[in-house]
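Reading the structure
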Amino acid sequence: MTAPPIPAADPRVVRAEAGRLLHRHRGRLAVSAVLVLLAAGPALATPLLVRNAIDLGVRDGDLDALVRSAAGLVAVAGVAATAGLALAAVTARIAEDVLADLRDRAVRQVLARTVRQVTTGDRGDVVSRLTGDIEVLGTAARSAVPDVVRALALLGFATAALLALSPALALVAVGGIPVVALLARRFARRSTPVYAELRARTGETVGALAESVAAAPLTRAVRRAPAREQAHARVSGSVVATELTAMRYRNRFYPLLELVQVAATVAVLAVGVLLVLDGKTSVGAVTGAVLAVASVYGPVEELSDWFDELLAAGAALSRVVGLLTTAPTLPEPATPTALPDRGALHATGLTFAYRPRTPVLTDVTMHIDIGEQVALVGATGAGKSTLARLLARHEDPA
(Lines give C-alpha, C1' and ligand atoms only; values in the text may rest on other atoms or scores of the structure.)
Protein backbone atom coordinates (compact mmCIF):
# COMPACT_ATOMS: atom_id res chain seq x y z
CA MET A 1 0.00 0.00 0.00
CA THR A 2 1.41 3.42 -0.95
CA ALA A 3 1.49 6.27 1.48
CA PRO A 4 -0.89 9.21 1.02
CA PRO A 5 0.68 12.22 -0.72
CA ILE A 6 1.97 15.07 1.40
CA PRO A 7 -0.16 18.14 0.65
CA ALA A 8 1.22 21.59 -0.10
CA ALA A 9 0.63 24.07 2.70
CA ASP A 10 -2.19 26.61 2.61
CA PRO A 11 -1.00 30.16 1.69
CA ARG A 12 -1.97 31.41 5.15
CA VAL A 13 0.20 28.74 6.78
CA VAL A 14 3.06 29.54 4.40
CA ARG A 15 2.93 33.24 5.29
CA ALA A 16 2.89 32.44 9.01
CA GLU A 17 5.86 30.09 8.66
CA ALA A 18 7.82 32.63 6.60
CA GLY A 19 7.12 35.24 9.28
CA ARG A 20 8.46 32.93 11.99
CA LEU A 21 11.60 32.21 9.97
CA LEU A 22 12.34 35.88 9.35
CA HIS A 23 11.48 37.00 12.89
CA ARG A 24 14.55 35.19 14.16
CA HIS A 25 16.73 37.45 11.99
CA ARG A 26 14.96 40.75 12.60
CA GLY A 27 18.20 42.51 13.65
CA ARG A 28 20.03 41.68 10.44
CA LEU A 29 16.87 42.42 8.46
CA ALA A 30 16.84 45.95 9.92
CA VAL A 31 20.49 46.40 8.88
CA SER A 32 19.58 45.13 5.41
CA ALA A 33 16.77 47.69 5.14
CA VAL A 34 19.20 50.55 5.82
CA LEU A 35 21.69 49.16 3.30
CA VAL A 36 18.93 48.84 0.69
CA LEU A 37 18.10 52.54 1.05
CA LEU A 38 21.77 53.50 0.70
CA ALA A 39 22.25 51.23 -2.31
CA ALA A 40 19.19 52.73 -4.00
CA GLY A 41 20.31 56.32 -3.36
CA PRO A 42 21.49 57.02 -6.94
CA ALA A 43 17.92 56.66 -8.21
CA LEU A 44 16.99 59.76 -6.22
CA ALA A 45 20.20 61.77 -6.30
CA THR A 46 21.45 61.23 -9.86
CA PRO A 47 18.58 62.90 -11.78
CA LEU A 48 18.67 65.92 -9.46
CA LEU A 49 22.45 66.27 -9.71
CA VAL A 50 22.31 65.97 -13.51
CA ARG A 51 19.66 68.70 -13.64
CA ASN A 52 21.87 71.03 -11.58
CA ALA A 53 24.91 70.23 -13.70
CA ILE A 54 23.09 71.11 -16.94
CA ASP A 55 21.01 74.06 -15.77
CA LEU A 56 23.53 75.71 -13.47
CA GLY A 57 26.87 74.41 -14.70
CA VAL A 58 26.36 74.31 -18.47
CA ARG A 59 23.54 76.75 -19.19
CA ASP A 60 24.50 79.41 -16.62
CA GLY A 61 28.26 78.81 -16.81
CA ASP A 62 28.61 78.15 -13.06
CA LEU A 63 31.76 76.04 -12.88
CA ASP A 64 31.45 75.52 -9.12
CA ALA A 65 27.95 74.09 -9.55
CA LEU A 66 29.26 71.74 -12.23
CA VAL A 67 32.09 70.54 -9.99
CA ARG A 68 29.76 70.10 -7.03
CA SER A 69 27.36 68.05 -9.14
CA ALA A 70 30.16 65.85 -10.46
CA ALA A 71 31.55 65.32 -6.95
CA GLY A 72 28.07 64.47 -5.72
CA LEU A 73 27.64 61.86 -8.44
CA VAL A 74 30.95 60.24 -7.53
CA ALA A 75 30.11 60.25 -3.81
CA VAL A 76 26.64 58.80 -4.36
CA ALA A 77 28.04 56.06 -6.58
CA GLY A 78 30.68 55.18 -3.99
CA VAL A 79 28.20 54.97 -1.13
CA ALA A 80 25.82 52.90 -3.23
CA ALA A 81 28.56 50.46 -4.27
CA THR A 82 29.78 50.01 -0.69
CA ALA A 83 26.23 49.53 0.60
CA GLY A 84 25.54 47.03 -2.19
CA LEU A 85 28.53 44.88 -1.21
CA ALA A 86 27.55 44.95 2.45
CA LEU A 87 23.94 44.15 1.54
CA ALA A 88 25.02 41.09 -0.45
CA ALA A 89 26.99 39.77 2.52
CA VAL A 90 24.21 40.34 5.06
CA THR A 91 21.44 38.88 2.91
CA ALA A 92 23.57 35.85 2.02
CA ARG A 93 24.07 35.11 5.71
CA ILE A 94 20.35 35.43 6.40
CA ALA A 95 19.51 33.20 3.44
CA GLU A 96 21.93 30.46 4.43
CA ASP A 97 20.71 30.44 8.04
CA VAL A 98 17.06 30.23 6.94
CA LEU A 99 17.80 27.44 4.46
CA ALA A 100 19.80 25.49 7.05
CA ASP A 101 16.87 25.78 9.46
CA LEU A 102 14.45 24.51 6.81
CA ARG A 103 16.72 21.58 5.91
CA ASP A 104 17.21 20.52 9.53
CA ARG A 105 13.51 20.67 10.33
CA ALA A 106 12.61 18.84 7.11
CA VAL A 107 15.04 16.02 7.90
CA ARG A 108 13.63 15.70 11.42
CA GLN A 109 10.14 15.50 9.93
CA VAL A 110 11.22 12.75 7.51
CA LEU A 111 12.77 10.77 10.37
CA ALA A 112 9.39 10.93 12.13
CA ARG A 113 7.70 9.20 9.20
CA THR A 114 7.43 5.44 8.96
CA VAL A 115 9.75 3.45 6.71
CA ARG A 116 6.77 2.40 4.62
CA GLN A 117 5.79 5.99 4.01
CA VAL A 118 9.29 7.15 3.15
CA THR A 119 10.12 4.24 0.86
CA THR A 120 6.86 3.80 -1.03
CA GLY A 121 4.36 6.38 -2.19
CA ASP A 122 6.02 9.64 -1.22
CA ARG A 123 9.72 8.82 -1.57
CA GLY A 124 10.31 10.85 -4.72
CA ASP A 125 8.14 13.65 -3.40
CA VAL A 126 10.10 13.82 -0.13
CA VAL A 127 13.45 13.73 -1.93
CA SER A 128 12.28 16.47 -4.29
CA ARG A 129 11.21 18.67 -1.37
CA LEU A 130 14.53 18.15 0.41
CA THR A 131 16.63 18.83 -2.71
CA GLY A 132 15.00 20.53 -5.68
CA ASP A 133 12.53 22.66 -3.71
CA ILE A 134 15.19 23.75 -1.20
CA GLU A 135 17.49 24.67 -4.11
CA VAL A 136 14.76 26.79 -5.69
CA LEU A 137 14.27 28.53 -2.35
CA GLY A 138 18.04 29.04 -2.12
CA THR A 139 18.12 30.87 -5.45
CA ALA A 140 15.24 33.07 -4.37
CA ALA A 141 16.66 33.79 -0.92
CA ARG A 142 20.20 34.55 -2.13
CA SER A 143 19.37 36.59 -5.22
CA ALA A 144 15.72 37.13 -6.09
CA VAL A 145 14.41 38.51 -2.78
CA PRO A 146 17.32 40.98 -2.18
CA ASP A 147 17.12 42.19 -5.78
CA VAL A 148 13.35 42.62 -5.59
CA VAL A 149 13.58 44.65 -2.37
CA ARG A 150 16.30 46.84 -3.86
CA ALA A 151 14.26 47.29 -7.04
CA LEU A 152 11.26 48.45 -5.02
CA ALA A 153 13.44 51.00 -3.23
CA LEU A 154 14.82 52.19 -6.58
CA LEU A 155 11.29 52.53 -7.90
CA GLY A 156 10.23 54.66 -4.93
CA PHE A 157 13.30 56.92 -5.08
CA ALA A 158 13.03 57.36 -8.86
CA THR A 159 9.38 58.36 -8.54
CA ALA A 160 10.32 60.89 -5.85
CA ALA A 161 13.02 62.31 -8.14
CA LEU A 162 10.49 62.69 -10.97
CA LEU A 163 8.11 64.56 -8.70
CA ALA A 164 10.94 66.88 -7.61
CA LEU A 165 11.96 67.55 -11.22
CA SER A 166 8.51 68.05 -12.75
CA PRO A 167 5.13 66.80 -11.50
CA ALA A 168 3.83 66.90 -15.06
CA LEU A 169 6.64 64.68 -16.36
CA ALA A 170 6.22 62.40 -13.34
CA LEU A 171 2.56 61.90 -14.24
CA VAL A 172 3.52 60.99 -17.81
CA ALA A 173 6.32 58.65 -16.66
CA VAL A 174 4.25 56.62 -14.22
CA GLY A 175 1.33 56.35 -16.60
CA GLY A 176 2.56 52.95 -17.71
CA ILE A 177 2.74 51.53 -14.18
CA PRO A 178 -0.98 50.57 -14.05
CA VAL A 179 -0.54 48.74 -17.36
CA VAL A 180 2.44 46.87 -15.92
CA ALA A 181 0.45 46.01 -12.79
CA LEU A 182 -2.40 44.57 -14.88
CA LEU A 183 0.04 42.53 -16.97
CA ALA A 184 1.79 41.24 -13.85
CA ARG A 185 -1.50 40.29 -12.21
CA ARG A 186 -2.59 38.39 -15.28
CA PHE A 187 0.78 36.64 -15.52
CA ALA A 188 0.70 35.65 -11.82
CA ARG A 189 -2.87 34.37 -12.04
CA ARG A 190 -2.03 32.11 -14.95
CA SER A 191 1.48 31.05 -13.94
CA THR A 192 1.09 30.33 -10.22
CA PRO A 193 -0.77 27.00 -10.64
CA VAL A 194 1.59 26.06 -13.47
CA TYR A 195 4.66 26.45 -11.23
CA ALA A 196 2.96 24.49 -8.46
CA GLU A 197 2.26 21.68 -10.92
CA LEU A 198 5.85 21.86 -12.21
CA ARG A 199 7.28 21.32 -8.71
CA ALA A 200 4.93 18.35 -8.19
CA ARG A 201 5.85 16.80 -11.55
CA THR A 202 9.52 17.25 -10.74
CA GLY A 203 8.97 15.30 -7.52
CA GLU A 204 7.36 12.48 -9.49
CA THR A 205 10.35 12.40 -11.84
CA VAL A 206 12.83 12.20 -8.96
CA GLY A 207 10.85 9.36 -7.42
CA ALA A 208 10.70 7.45 -10.70
CA LEU A 209 14.45 7.85 -11.22
CA ALA A 210 15.25 6.70 -7.68
CA GLU A 211 13.02 3.67 -8.07
CA SER A 212 14.54 2.78 -11.43
CA VAL A 213 18.09 2.96 -10.10
CA ALA A 214 17.22 0.82 -7.07
CA ALA A 215 15.35 -1.75 -9.17
CA ALA A 216 17.77 -1.83 -12.14
CA PRO A 217 19.04 -5.43 -11.56
CA LEU A 218 15.53 -6.79 -11.09
CA THR A 219 14.26 -4.83 -14.10
CA ARG A 220 16.91 -6.41 -16.31
CA ALA A 221 16.29 -9.86 -14.83
CA VAL A 222 12.56 -9.85 -15.61
CA ARG A 223 13.06 -8.06 -18.96
CA ARG A 224 10.99 -5.02 -17.96
CA ALA A 225 13.41 -2.37 -19.21
CA PRO A 226 11.23 -1.26 -22.17
CA ALA A 227 8.20 -0.82 -19.91
CA ARG A 228 10.30 1.13 -17.41
CA GLU A 229 11.60 3.37 -20.21
CA GLN A 230 8.07 4.07 -21.37
CA ALA A 231 7.04 5.00 -17.84
CA HIS A 232 9.99 7.40 -17.61
CA ALA A 233 9.06 8.93 -20.94
CA ARG A 234 5.54 9.63 -19.70
CA VAL A 235 6.77 11.24 -16.47
CA SER A 236 9.43 13.30 -18.24
CA GLY A 237 6.94 14.32 -20.88
CA SER A 238 4.62 15.76 -18.26
CA VAL A 239 7.51 17.87 -16.87
CA VAL A 240 8.41 19.14 -20.34
CA ALA A 241 4.79 19.97 -21.17
CA THR A 242 4.37 21.92 -17.91
CA GLU A 243 7.64 23.80 -18.42
CA LEU A 244 6.62 24.73 -21.97
CA THR A 245 3.34 26.11 -20.65
CA ALA A 246 5.22 28.29 -18.16
CA MET A 247 7.61 29.41 -20.90
CA ARG A 248 4.73 30.39 -23.15
CA TYR A 249 3.33 32.67 -20.45
CA ARG A 250 6.78 34.23 -19.88
CA ASN A 251 7.31 34.89 -23.57
CA ARG A 252 4.03 36.78 -23.73
CA PHE A 253 4.71 38.82 -20.58
CA TYR A 254 8.24 40.18 -20.96
CA PRO A 255 8.03 41.76 -24.45
CA LEU A 256 4.97 43.73 -23.35
CA LEU A 257 6.96 45.13 -20.40
CA GLU A 258 9.70 46.29 -22.76
CA LEU A 259 7.08 47.99 -24.95
CA VAL A 260 5.62 49.88 -21.97
CA GLN A 261 9.07 51.13 -20.90
CA VAL A 262 9.94 52.38 -24.40
CA ALA A 263 6.56 54.08 -24.72
CA ALA A 264 6.99 55.83 -21.35
CA THR A 265 10.48 57.09 -22.25
CA VAL A 266 9.31 58.45 -25.61
CA ALA A 267 6.29 60.10 -23.96
CA VAL A 268 8.41 61.82 -21.29
CA LEU A 269 10.87 63.07 -23.90
CA ALA A 270 8.10 64.38 -26.17
CA VAL A 271 6.19 66.12 -23.38
CA GLY A 272 9.46 67.46 -21.97
CA VAL A 273 10.36 69.08 -25.29
CA LEU A 274 6.95 70.76 -25.42
CA LEU A 275 7.36 72.02 -21.84
CA VAL A 276 10.84 73.41 -22.60
CA LEU A 277 9.58 75.21 -25.70
CA ASP A 278 6.72 76.62 -23.62
CA GLY A 279 9.17 77.77 -20.94
CA LYS A 280 7.58 75.64 -18.20
CA THR A 281 10.64 73.51 -17.46
CA SER A 282 14.35 73.33 -18.23
CA VAL A 283 16.54 71.13 -20.40
CA GLY A 284 18.27 69.86 -17.27
CA ALA A 285 14.94 68.85 -15.72
CA VAL A 286 13.92 66.95 -18.86
CA THR A 287 17.30 65.20 -19.03
CA GLY A 288 17.03 64.21 -15.37
CA ALA A 289 13.47 63.02 -15.94
CA VAL A 290 14.57 60.74 -18.80
CA LEU A 291 17.22 59.27 -16.49
CA ALA A 292 14.59 58.86 -13.77
CA VAL A 293 12.28 57.04 -16.19
CA ALA A 294 15.04 54.49 -16.72
CA SER A 295 15.30 54.21 -12.92
CA VAL A 296 11.54 53.65 -12.70
CA TYR A 297 11.18 51.02 -15.41
CA GLY A 298 14.61 49.47 -14.87
CA PRO A 299 13.49 48.15 -11.46
CA VAL A 300 10.14 47.16 -12.99
CA GLU A 301 12.02 45.12 -15.58
CA GLU A 302 14.23 43.65 -12.86
CA LEU A 303 11.13 42.71 -10.91
CA SER A 304 9.73 41.02 -13.99
CA ASP A 305 13.00 39.12 -14.50
CA TRP A 306 12.62 37.60 -11.04
CA PHE A 307 8.85 37.24 -11.21
CA ASP A 308 8.80 33.66 -12.42
CA GLU A 309 11.59 32.75 -9.97
CA LEU A 310 9.47 34.12 -7.13
CA LEU A 311 6.44 32.18 -8.35
CA ALA A 312 8.51 29.00 -8.46
CA ALA A 313 9.91 29.78 -5.00
CA GLY A 314 6.39 30.31 -3.67
CA ALA A 315 5.35 26.90 -4.97
CA ALA A 316 8.50 25.31 -3.52
CA LEU A 317 8.00 26.97 -0.13
CA SER A 318 4.40 25.73 0.08
CA ARG A 319 5.66 22.18 -0.55
CA VAL A 320 8.45 22.42 2.03
CA VAL A 321 6.12 23.97 4.62
CA GLY A 322 3.59 21.25 3.80
CA LEU A 323 6.22 18.69 4.79
CA LEU A 324 7.14 20.62 7.95
CA THR A 325 3.55 20.98 9.12
CA THR A 326 2.39 17.42 8.37
CA ALA A 327 1.69 15.59 11.62
CA PRO A 328 4.41 13.00 12.33
CA THR A 329 3.27 9.48 11.53
CA LEU A 330 5.75 7.94 13.96
CA PRO A 331 5.47 10.18 17.03
CA GLU A 332 7.70 9.77 20.05
CA PRO A 333 5.83 8.68 23.20
CA ALA A 334 5.48 11.22 25.97
CA THR A 335 7.44 8.99 28.36
CA PRO A 336 9.67 6.74 26.21
CA THR A 337 11.07 3.58 27.76
CA ALA A 338 14.83 3.16 27.44
CA LEU A 339 15.83 -0.13 25.81
CA PRO A 340 18.14 -2.36 27.83
CA ASP A 341 21.51 -3.38 26.43
CA ARG A 342 20.37 -7.02 26.57
CA GLY A 343 16.96 -8.48 26.99
CA ALA A 344 14.16 -10.60 25.56
CA LEU A 345 11.68 -9.25 23.03
CA HIS A 346 8.03 -9.15 24.11
CA ALA A 347 4.98 -8.30 22.01
CA THR A 348 1.58 -8.40 23.60
CA GLY A 349 -1.76 -7.91 21.86
CA LEU A 350 -0.39 -6.34 18.67
CA THR A 351 -3.07 -5.14 16.26
CA PHE A 352 -2.35 -3.27 13.03
CA ALA A 353 -4.24 -2.14 9.92
CA TYR A 354 -3.11 -0.23 6.85
CA ARG A 355 -6.74 0.70 6.17
CA PRO A 356 -9.45 1.41 8.74
CA ARG A 357 -11.46 -1.65 9.77
CA THR A 358 -9.18 -3.93 7.69
CA PRO A 359 -6.69 -5.38 10.18
CA VAL A 360 -3.61 -7.17 8.92
CA LEU A 361 -2.67 -8.42 12.40
CA THR A 362 -5.05 -8.92 15.31
CA ASP A 363 -4.06 -9.50 18.95
CA VAL A 364 -0.63 -11.01 18.22
CA THR A 365 1.44 -12.02 21.26
CA MET A 366 4.97 -13.44 21.08
CA HIS A 367 8.11 -13.78 23.19
CA ILE A 368 11.67 -14.15 21.90
CA ASP A 369 14.40 -14.91 24.44
CA ILE A 370 17.99 -13.70 24.22
CA GLY A 371 19.83 -15.58 21.48
CA GLU A 372 16.69 -17.34 20.29
CA GLN A 373 16.09 -17.56 16.54
CA VAL A 374 12.49 -17.40 15.32
CA ALA A 375 11.18 -17.94 11.79
CA LEU A 376 7.93 -16.26 10.74
CA VAL A 377 6.12 -18.63 8.40
CA GLY A 378 2.87 -17.98 6.59
CA ALA A 379 1.14 -17.40 3.28
CA THR A 380 1.68 -14.27 1.22
CA GLY A 381 -0.17 -11.41 2.85
CA ALA A 382 -0.38 -13.10 6.23
CA GLY A 383 1.46 -10.18 7.88
CA LYS A 384 5.00 -11.53 8.32
CA SER A 385 6.76 -8.39 7.06
CA THR A 386 4.29 -6.18 8.89
CA LEU A 387 5.04 -7.94 12.18
CA ALA A 388 8.79 -7.58 11.61
CA ARG A 389 8.36 -3.85 10.96
CA LEU A 390 6.24 -3.49 14.10
CA LEU A 391 8.86 -5.25 16.22
CA ALA A 392 11.53 -2.87 14.88
CA ARG A 393 9.12 0.06 15.32
CA HIS A 394 9.12 0.97 11.69
CA GLU A 395 5.37 1.05 12.18
CA ASP A 396 3.26 1.72 15.25
CA PRO A 397 0.54 -0.72 16.34
CA ALA A 398 -3.07 0.41 16.44
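Above: the structure in question.
The numbering scheme is per chain: residues are counted from 1 as the chain's sequence reads. Local features in this predicted model are restricted to residues whose pLDDT is 70 or higher, and side-chain atom pairs enter the listing and the counts only when it is 80 or higher, whereas totals over whole chains, interfaces and linings include all residues. Side-chain metrics in this entry use all non-hydrogen atoms of the structure; hydrogen atoms and water are not considered.

What follows concerns the overall build of the protein chain. The helix count covers DSSP runs of H or I at least four residues long, the strand count covers runs of E at least two residues long, and both are numbered beginning at the N terminus. Broken down by element type, the protein chain carries 12 helices and two strands. For the protein chain, the α and β elements follow one another from N to C terminus as α-α-α-α-α-α-α-α-α-α-α-β-β-α. With the radius of gyration taken over C-alpha atoms, the globule rule is written as 2.2 Å times the number of residues to the power 0.38. Taking 398 residues into account, the globule formula puts the C-alpha radius of gyration at 21 Å, and the protein chain, at 31 Å, lies well above it. By its C-alpha atoms, the protein chain is 105 × 45 × 35 Å across when sized along the principal axes. Note on exposure labels: buried denotes an accessible area under 20% of the residue type's maximum, exposed denotes more than 50%, and partly exposed covers the range between, all computed with a 1.4 Å probe on protein chains only. Across the 398 residues that make up the protein chain, the buried fraction comes to 36%. By definition in these notes, contact holds between two residues if any of their heavy atoms fall within 4.5 Å. A sequence separation of at least 24 residues applies to 80% of the contacts in the protein chain between residues at least 6 apart. Side-chain charges in the protein chain split into 41 positive and 34 negative, and the spacing between the mean points of these groups amounts to 6 Å. Positive charge is attributed to Lys and Arg, negative charge to Asp and Glu, and no charge count is given to His or to the chain ends. Throughout, a charge is located at the NZ atom of Lys, the CZ atom of Arg, the CG atom of Asp or the CD atom of Glu.

Buried and open spaces are told apart on a 1 Å grid over the protein atoms alone, a cavity being a set of points where a 1.4 Å probe fits but cannot get out and a pocket being an open set with protein on both sides within 12 Å along at least five of seven lines. Residues with an atom within 4 Å of a point are the lining residues. Grid points are joined across faces, edges and corners, and a volume is the space filled by probe spheres set on the points. Taken as a whole, the largest pocket spans an internal volume of roughly 810 Å³. Residue lining of the largest pocket: 28 residues in total, with Leu22, Ala140, Ala141, Val145 and Pro146 positioned closest to the centre. Where the lining of the largest pocket is concerned, the elements lending two or more residues are α1 (11-23), α2 (26-39), α4 (63-111), α6 (123-165) and α11 (283-325). Think of it as three bins: nonpolar holds Ala, Val, Leu, Ile, Met, Phe, Trp, Tyr, Cys and Pro, charged holds Asp, Glu, Lys and Arg, and polar takes everything else, Gly as well. Across the lining of the largest pocket, the residue classes break down as 24 nonpolar, three polar and one charged.

Two strands are said to pair when DSSP picks up at least two bridges between them. Here seven bridges tie strand β1 (residues 345-355) to strand β2 (residues 358-368), and the two strands are oriented antiparallel to one another. If you follow Phe352 over to β2, its bridge partner there is Leu361.

What follows is about the nonpolar core. Buried Ala, Val, Leu, Ile, Met, Phe, Trp, Tyr and Cys residues form a nonpolar core when they are joined through side-chain atoms within 4.5 Å. The biggest cluster of nonpolar side chains holds 67 residues, and the ones touching the most others in it are Leu102, Leu137, Leu162, Tyr195 and Tyr297. Elements supplying a minimum of two residues to this core: α1, α2, α4, α6, α7 (167-173), α8 (177-214), α10 (225-277) and α11. When residues in this core are grouped by element, the largest group, 18 residues, is from α11. Excluding residues within four positions of it along the chain, Leu137 makes contact with Leu99, Leu102, Ala313, Ala316, Leu317 and Val320.

A few words now on a nonpolar patch on the surface. In this scheme, patches are assembled from residues that exceed 30% relative accessible area and form no salt bridge. Like charges are connected within 9 Å, while nonpolar side chains (Val, Leu, Ile, Met, Phe, Trp, Tyr) are connected within 5 Å. Shrake-Rupley sampling with a 1.4 Å probe provides the accessible areas, and residues are treated as covered by the protein chains on show and by no other component. Think of a salt bridge as a Lys or Arg side-chain nitrogen and an Asp or Glu carboxyl oxygen that are within 4 Å of each other. On the surface, Val58, Leu63, Leu66 and Val67 cluster together to form a nonpolar patch covering roughly 370 Å² of accessible area. In terms of residue count, α4 provides more of the nonpolar patch than any other element does, three residues in total. By the secondary structure assignment, Val58 is in helix α3 (residues 41-59). Val58 gets classed as exposed once you look at its relative accessible area, which sits at 58%.

A positive phi angle, close to 50°, is found at Asp363, a residue other than glycine. Among the residues examined, Asp363 registers a relative accessible area of 54% and is labelled exposed.

Attention now moves to the environment of Thr348. Note that Thr348 resides in strand β1. With 19 residues separating them in the primary sequence, Thr348 and His367 have C-alpha atoms 8.5 Å apart. Excluding anything up to four places from it in sequence, Thr348 contacts Val364 and Thr365.

With that out of the way, let us pick up the packing of aromatic side chains. Only the six-membered ring of Trp is used, alongside the rings of Phe and Tyr, when aromatic pairs are assigned; centres must lie within 6.5 Å, and planes under 30 degrees apart are stacked while those over 60 apart are edge-to-face, with the rest tilted. Applying the stated criterion to the full structure yields three aromatic pairs. Each ring, one from Phe187 and one from Tyr254, has its centre 6.4 Å from the other, and the planes form 55°; the classification is tilted. Here Tyr254 lies in helix α10 and Phe187 lies in helix α8, a separation of 67 residues in the sequence. Accessibility classification places Phe187 together with Tyr254 in one group, the buried group.

Further remarks concern the side chain of Ser69. By the secondary structure assignment, Ser69 is in helix α4. According to the relative accessible area criterion, Ser69 is buried, its value standing at 4%. Polar contact is the term for a pair of N or O atoms within 3.5 Å; when the atoms are in protein, one must be able to donate a hydrogen and the other to accept it, and sequence-neighboring residues count only if both atoms are side-chain atoms. Within the structure, the side chain of Ser69 is placed 3.5 Å from the backbone nitrogen of Ala53, a separation counted as a polar contact. Once residues within four sequence positions are removed from consideration, Ser69 is found in contact with Leu49, Asn52 and Ala53.

Our focus in this paragraph is the environment of Ser32. Positionally, Ser32 belongs in helix α2. For Ser32, a relative accessible area of 7% corresponds to the buried category. Along the chain, Ser32 and Val149 lie 117 residues apart, while their C-alpha atoms are 9.8 Å from each other. Only 2.9 Å separates the side chain of Ser32 from the backbone oxygen of Arg28, close enough to count as a polar contact.

With that out of the way, let us pick up the side chain of His25. For His25, the location among the structural elements is in the loop between α1 and α2. Judged by relative accessible area, His25 falls into the buried class, the value being 12%. Within polar-contact distance, the side chain of His25 engages the side chain of Arg28 at 3.0 Å. Discounting residues that sit within four places of it in the chain, His25 has contacts with Ile94, Asp97 and Val98.

So, on to the packing of α2 against α4. Viewed as axis vectors pointing N to C, α2 and α4 meet at an angle of 150°, and their least axial separation amounts to 8 Å. Put simply, α2 runs roughly antiparallel to α4. By crossing handedness, the relation of α2 to α4 is classed as left-handed. Between α2, through Arg28, Leu29, Ser32, Leu35, Val36, Leu38 and Ala39, and α4, the contact on the second element is made entirely by Val79, Ala80, Ala83, Gly84, Ala86, Leu87, Val90, Thr91, Arg93, Ile94 and Asp97. Classifying every residue of the contact of α2 with α4 by side-chain character gives 12 nonpolar, three polar and three charged. With axes taken as lines fitted to C-alpha atoms, and helix axes fitted only over the stretch in contact, angles between N-to-C directions fall between 0 and 180 degrees. Here the word oblique covers every angle except those under 35 degrees (roughly parallel), over 145 (roughly antiparallel) and from 65 to 115 (roughly perpendicular). Helix crossings fall into two classes, left-handed where the near helix is turned counterclockwise from the far one by less than a right angle and right-handed where it is turned clockwise.

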